[in-house]
Each structure stands twice: as C-alpha cells, then as structure tokens.
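# A closer look at the structure
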Amino acid sequence: MDRHLLSINDLTRAEAFGILNTAHELSIISDGNLKKLPTLRGRTVVNLFFEDSTRTRISFESAAKRLSADVINFSAKGSSVSKGESLKDTAQTLQAMGADAVIIRHGASGAAQRLADSGWIQASVINAGDGTHEHPTQALLDAYTIRNSFPEYTDSFDGLKVAIVGDILHSRVARSNVLLLKKLGAQVTLLAPPTLLPVGVDSWGVERSYDFDQVIQSVDVVMMLRVQSERMLDSFFPSEREYSRSFGLDGRRLNLLKPRSIVMHPGPMNRGLEISAESADSHKSVVLAQVANGVLIRMAVLYQLLGGQTLGGTSNSLISSQPVNK
Amino acid sequence: MSKNNEGSMILKSARLVDGAVVDLRIENGVIAEIGNQLDGAKNSIDLAKNLLIPGLVDLHTHLREPGREDSETVASASAAAVSGGYTAVSAMANTFPVADTAGVVEQVFRLGQEAGLCDVFPIGAVTQGLNGTALAELGAMANSMARVRMFSDDGKCVSDPLLMRRALEYVKSFNGIIAQHAQEPRLTVNAQMNEGIVSASLGLTGWPAVAEEAIIARDILLADHVGSRLHICHLTTAGGVELVRTAKARGIKVTAEVTPHHLLLTDDLVSGYDPVYKVNPPLRTQQDVEALRLGLADGTIDIVATDHAPHPTEDKDCEWQAAAFGMLGLETALSVVVTAMIDTKMMDWAKLVERMSISPARIAGYPAQGQKISVGSVANFAVIDTSASWQVDRNRLASKSRNTPFHEMKLSSVVKQTFFNGLQVFSNGEVLKRGNL
C-alpha cells in the first residue's frame, strides 16, 4: 500500500472506486446518526497549511475528528519561498511531535511530493493542493458527487461526458480531475481561452474546444473553475466581461444543458464572472453536495491511509469491521 | 616555484589521439622533446598508455568567490577543475560584489594564481551590477592585470537591444567578445522548467524554447549589423542550434556553447520535483538533446562549457520553486561528453579535444591553453583512462557543493592525471597541492 496520496496517479482505477465505495459506506453510517467512528483514536493528524484555505482545512479537520483522530492545525503562512521557516524545518518539527499524517496545502507545485520523498518525515502525506499541480481529494469528491447524480455510472464512468471550463493552466483541480475522470472512463472536454490552456495539453488525452454553446448541449457534467480576475492584468484575457461572455455559465447556457445534467464548482465561486447567480443556485447545481461529500471522501482517504487498509480495499466492510457505537 | 618546474620531467608511454604512444620531456613547463625511450630526467611518470590530451578549458564557470564562499571558492573550484581534467576556467561575473570593475576581476585573477592549480580567467560583467541598464567599465577590465576579453551578464540576459548593440560594438577595440545568456525576460517570468508536456502535468511555470531563440535571433542580427563577435552561452534548444547554423553559413561571427548536462539529461527528470534537476536554462526534451549532439558534432556548436554552478545544500533541500538554479559540472564534464558523444560514435577524441580545449582557448584568447601536443607547447595536459568507467559519488567531489545531477550515474572515462604548466596537480583521485610538489 502506498502510504501517501500525492497525485491521482498514485491510484489505480480500482483503488479510486474503492475510496468512493468507502465514502459511500461512511455516508450510510452517518445517516444512521453515528457521528464519530473510533478508527483513528490516538492518531495525530496535522493540517499543514501554507496557504489560506478555510474550507479545505475545515473539511479535513472534521473528517479527521469524525474518525476520532487528534487534529493539530499548523498554519504556516510564509513558506521558505518568502524566507520564512523552510519546509524541511517545519516537517522535522511535525515529525518530532509525532504526526501520523500530514495534510499539506502549499503554494509550490510538488511541495507535497517533496515532503513525502525527502525523508524529512515518516508520516503519511496527503496533498490538499500544491501550487498549480494537483488537488486529488477534490477530484475524488467530485467523482463521488457525479456518481451520486448518475447511479448508472456507479461502477464505471464509461460514456459519461464532462466539460471542465475555465483557467485550466493555473488549476490544480483541473489537473486532478482530468487524471481521475479519464481513469474512471469518462470523456473529458476542456473549455478555455487558449491562453489559459497549458502548452503540452495535447498529451492529456482530452478534447479541447472554445465553443461553450456547442459543448454544453451534449455533456452530463459541466465543471466550472474559479477564474481569478488578476489574470486579466497578465493579459490572459482582455476583460472580465469578455471572459464571462465566452466562458461564463449564465442562465441562457444553463438552459442548453440536458435535463439530467449537473453543474459543479470547487468553490469559492466568483458569481458574475465564471458563473451567474442563477446558475449557481439552480436545481442543477450540486455545489453544496460537493462540500458535504468532501468530508466523506477525506474520511475515506484518512481511513484507508491510516486505518491499515489498502486504498480501495473494500473486502473488510467498514460497517462490519467497526464496533457499532451509538 | 617547485623544483619540478625548474628541472625536467619525463612522461612515459603517453598515448596521443592519433594512437601513437610516446614519451614527453617537460622542461620549465614546456614540452622540450617528444620521442621514444626518453630518459635522463630526475622525475619520470609512467602514464601506462593512457590518453594524453591538452588540458580542458572551460569558458563558463561559477566560482562563487567573492561573496558565496559557503558554496565554492576559487581554490575549491580550481581543485574541482583539475579533478575534471581542466587546466583553465573562466570565472563568471555574478559574484557579490559583481565582477564589473577592474578591482574585482583582478581580485579573482589573483585568487586563481594563489590557488595555483589552473588558470582562472575572469569574465567581466557587461552591465553595472548585472542590472542591464548601463555598461560596466569594459575597457578598464580589459586593461587590468586580468586582461579580460570575454564579458557576460550570465544569470541574466542583456535584454535591452540597444545596450546589447553598444556592448557588441564597444568591445571591438580590444577584440572582446560578448557572451549572451539568451533568455527573454518577459517570456520567462517566474519560469521553473522547460515548457512542454512535463511542465503541463507538473503545474510548473514553463520556460519556453522561444524565449531563448528570440534573443539568439536578435543578437545574431545585431552582431552581423555591427560586425562584432557574439558568443551564445549554454544553447539548449533545437531551434537555437538551427539559428546558429544558419548564421554561421552566412559568415556571421557567432560561436556557441552547450553544457554537458544538456547533452545527456531531459526534462522528464523533473517529474519527482527534485531540485537537483533545476537549472537555467532548463533541461529540455530528447529532441533538443539530439539536435544539440548533432550541432556539437558538426561544429555548429563550437564548444562544451560546464556552467558549473555550486549551491549549498539548503538551497536545494527544499521545494522546487524555492530552490536555486544550477548544477555542478567541472568534475563530470569530460565523462558526460564521452558518454553522450563518443560512446554514441557521434564524435572521436580529436573532436572532443577541439570542442573542450582548442576552440574554447581560441574563442576567449587564452594563448597558453588549448595548444597542440608538440615541442614548444605549454605542458597543460589531462591524462585519461579511456577504457575505465566510474560511478559518480557526490560525497567524493572536490567541489564544496554537492548539487550534481549525475550522482550514482555510471559514466565513461576516468581522468587519471592533470598537469598545469608542467606540474602534476591531480593524480589518481588526489588534488596535489602545489606547495607539496
């Protein structure tokens, strides 16, 4: 078993579905009013956040607490990039404190992998977003949310069509989602102005389009990405209005979606830029379900990394292997 | 002066690149006689039919002194140089303070003489403080004791086209040459690695080939316009090779260098985010590597230069984005070039000597370096066991730093001895202190 979750590439298709299945079992337990499981009692989980991200930190924190782990929040604003304490020194401090798992959010791509590979620390490392590289638990919770909306794709995403729209170039959510959706069998189309697609995207094995109106009519899932208006200053696009007209999900485009299709967004949303209020709040939007599912997925990942099971190993059912504790 | 230098010494059984095995009598640091079964000298060294070539000459070396003596000094870099078969290195100007005045270049030159292991020729900055806004005192550096002829803002590009034009023109009066670090700054803001398939998946900001090629193209045109000599530092792209090839065909006075690491390593090594592979310009693709090898073989690329760039451990023991750019080069250069070019039958030893000793000495104007093995030449040699190979161990390098990307790699050919001005300065893994001889 791999001790870390750094990238979607760390997972096989079966392991990825295994995490989704574990999250599903956890959801059944939660519905049965079982708020806390004793699985990680006595284990220490550290939230090591070099970037502000209250929602992701809270999601991991509540996941760890529901598994009875001790949680330490280590907000390390000012990484070695800005001449603060180095990642190495921070890691060794956490090692000395006896961390069993470190959940790291960092502004530098590859920081999670450096933490895992460098030998600075023995703990399991979970990547909670590294620069513009990956955010694997976000992709897993997105896949879980998709599966809940489309029960016919429970065992395979073969035939599912997903559009990912927006700032692909700077998006760790997009990279992880492309890898996971393809692994599960989905057909992915990227929609973005050419300036916001990375050179080399041809190697990703996905479709590309600049025509949102056309693509939106055929997809099952439209996944909107946050666009930072600062990008405009770097001439990635001329103005917010022009971006919004070409790649924003407004009410008119929402109506082009097939009846069962869903709208996703990893949050936080820029209402009025990449998504209109009408679309964000429509019955097609599963944005709040994504947030709720985030806790379940992160519980599943922690359970499988620290609970001694291989990722995706579903032979021991959660429900039967845990004492019922009401 | 040691007694060896004043007396005579015989090097027995030296194999030359043409295959002949000869003895050489060295007197006063110069080859006095080449023949067979020479004797009569107090001191004789059996070279056991190992290959004897002119000492290697590096035109691109970061010695870090003054200012970053924690990573390297002129003395430790000199030791690394002779360990790699080099008898001359060229000290890049990006020190603290910058080598932009006669005072600093003379200091570096003097430190090289004090170390006494090889020639240390300072390169002067093109612009004051490497700031790219005003010319440094190029004439004063040229007229100093260090006799600087090569100028470079390496580490930074002279990106202002007017300033580049003026620099190219200005150094003509003393037959100087501008060595350009070709990197369009606006196209490489916060760039971390080669822009391509690997950068797209790693989420690292790309350093596109066009940022190098745009400057090369511009500077070739400028050099042509003003009739000056231009040298392109560390060429890395297939497109850059093509630009230089075309310019040479048109008779423009441009020369170019390639580093050993760009001849052997590619950008997929970055996949693990280990900053030991972080270098500027970045590792490119296999297609670029092949174009560079072809360019070096056919002479489009004139020389190999190390871009030896020592960094202390803490500057590499961190996340990729925070790490320093640069790799060690002096001690592995010859073996990397042998592995990339001779083992692949793209070059023979005569060409390697041309690219690593004769041509660099000619380009920079180092008369006592890169000389033929013939009577009257200065006794600057590297002696190489061409049948041996070795495994690089970063903990057994003469450099003060450890940032070699070749750690644990098996490379062809072993430098057995190095002779500088007739003195044995390196033998079988040991740097010989000049004072001990």
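Rules used throughout
Residue positions are given per chain, counted from 1 along the sequence in the order it is written. Lettering for chains starts from A, numbering for ligands starts from 1, and both go in the order in which the items are written. Owing to the predicted nature of the model, reporting of local features is limited to residues with pLDDT of at least 70; listing and counting of side-chain atom pairs is limited to 80 or more, with chain, interface and lining totals taken over all residues. Where each domain starts and ends follows an automatic or database-derived domain assignment. In this description, any two residues whose backbone-derived C-beta atoms lie within 7 Å of each other are considered to be in contact. Runs of H or I in DSSP of at least four residues are treated as helices and runs of E of at least two as strands, each being numbered from the N terminus. Each pair of strands is called paired provided DSSP finds at least two bridges between the two strands. Exposed residues have 12 or fewer other C-beta atoms within 10 Å of their own C-beta, buried residues have 20 or more, and residues in between are partly exposed; the C-beta atoms are placed from the backbone. In this analysis an axis means a line fitted to C-alpha atoms, helices contributing only their contacting stretch, and an angle means the value between N-to-C directions, from 0 to 180 degrees. When buried Ala, Val, Leu, Ile, Met, Phe, Trp, Tyr and Cys residues are joined through C-beta atoms within 7 Å, the set is termed a nonpolar core.

Residue and element names in this part refer to chain B. Along its sequence, chain B is carved into domain 1 (3–52 + 376–436) and domain 2 (55–364). Distance between the C-alpha centres of domain 1 and domain 2: 26 Å. Tallying the contact residues gives 27 residues for domain 1 and 41 residues for domain 2. Secondary structure elements with two or more residues in the side of domain 1 that touches domain 2: β16 (381–391), β17 (410–420) and β18 (423–427). Broken down by element, the side of domain 1 that touches domain 2 gets its largest block of residues, 6 residues, from β17.

All names here are of chain B. Note the cis peptide between E65 and P66, where omega equals 5°. Relative to the helices and strands, P66 resides in the loop between β6 (56–57) and α2 (74–83). With an omega of -5°, the peptide bond between N280 and P281 qualifies as cis. In this structure, R64 is a non-glycine residue whose phi angle is positive, near 70°. In this structure, R64 sits in the loop between β6 and α2.

With that settled, the discussion passes to the pairing of strand β1 (residues 8–15) of chain B. Residues and elements named next belong to chain B. Bridge count between β1 and strand β2 (residues 21–27): 6 bridges; the pairing is antiparallel. Note that in β2 the partner of S8 across the bridge is E27. Bridging between β1 and strand β4 (residues 43–46) involves 4 bridges; their strand directions are parallel. Note on β4: the bridge partner recorded for I10 is S44.

On to the environment of T236 of chain B. Residue and element names in this part refer to chain B. Within the fold, T236 resides in the loop between β13 (230–232) and α8 (238–249). Given 29 C-beta atoms within a 10 Å radius, T236 is considered buried. Setting aside residues no more than four positions away along its own chain, T236 makes contact with E212, H262, P281, R284 and D288.

This brings us to the domain arrangement of chain A. All names here are of chain A. With domains assigned, chain A is organised as domain 1 (8–135 + 294–321) and domain 2 (136–288). For domain 1 and domain 2, the distance between their C-alpha centres works out to 25 Å. Between domain 1 and domain 2, the contact holds 22 residues from the first and 20 residues from the second.

Residues and elements named next belong to chain B. One open sheet holds the 3 strands; their spatial order is β6-β7-β8, and the pairing between them is parallel. Sheet topology places β6 and β8 (119–122) at the edges, where each strand pairs with a single neighbour. Relative to strand β7 (residues 86–91), β6 is paired through 2 bridges, and the arrangement is parallel. For L56, the partnering residue across the bridge sits in β7 and is Y86. Lying on the sheet, helix α3 (residues 102–115) is in contact with β7 and β8; it crosses β8 at an angle near 175°.

Another point: the nonpolar core. In terms of nonpolar packing, the biggest core is built from 251 residues, with V102 and L302 of chain A touching the most fellow members. The element best represented in this core is helix α11 (residues 287–306) of chain A, accounting for 10 residues.

Glancing now at the environment of I168 of chain A. All names here are of chain A. Note on placement: I168 falls in the loop between β5 (161–165) and α6 (172–184). Measuring from C-alpha to C-alpha, the distance between I168 and S209 comes to 12 Å, with 41 residues separating the pair along the chain. Sequence-distant contacts of I168, defined by excluding residues within four places in its chain, comprise A174, L190, A192, L196, L197 and P198.

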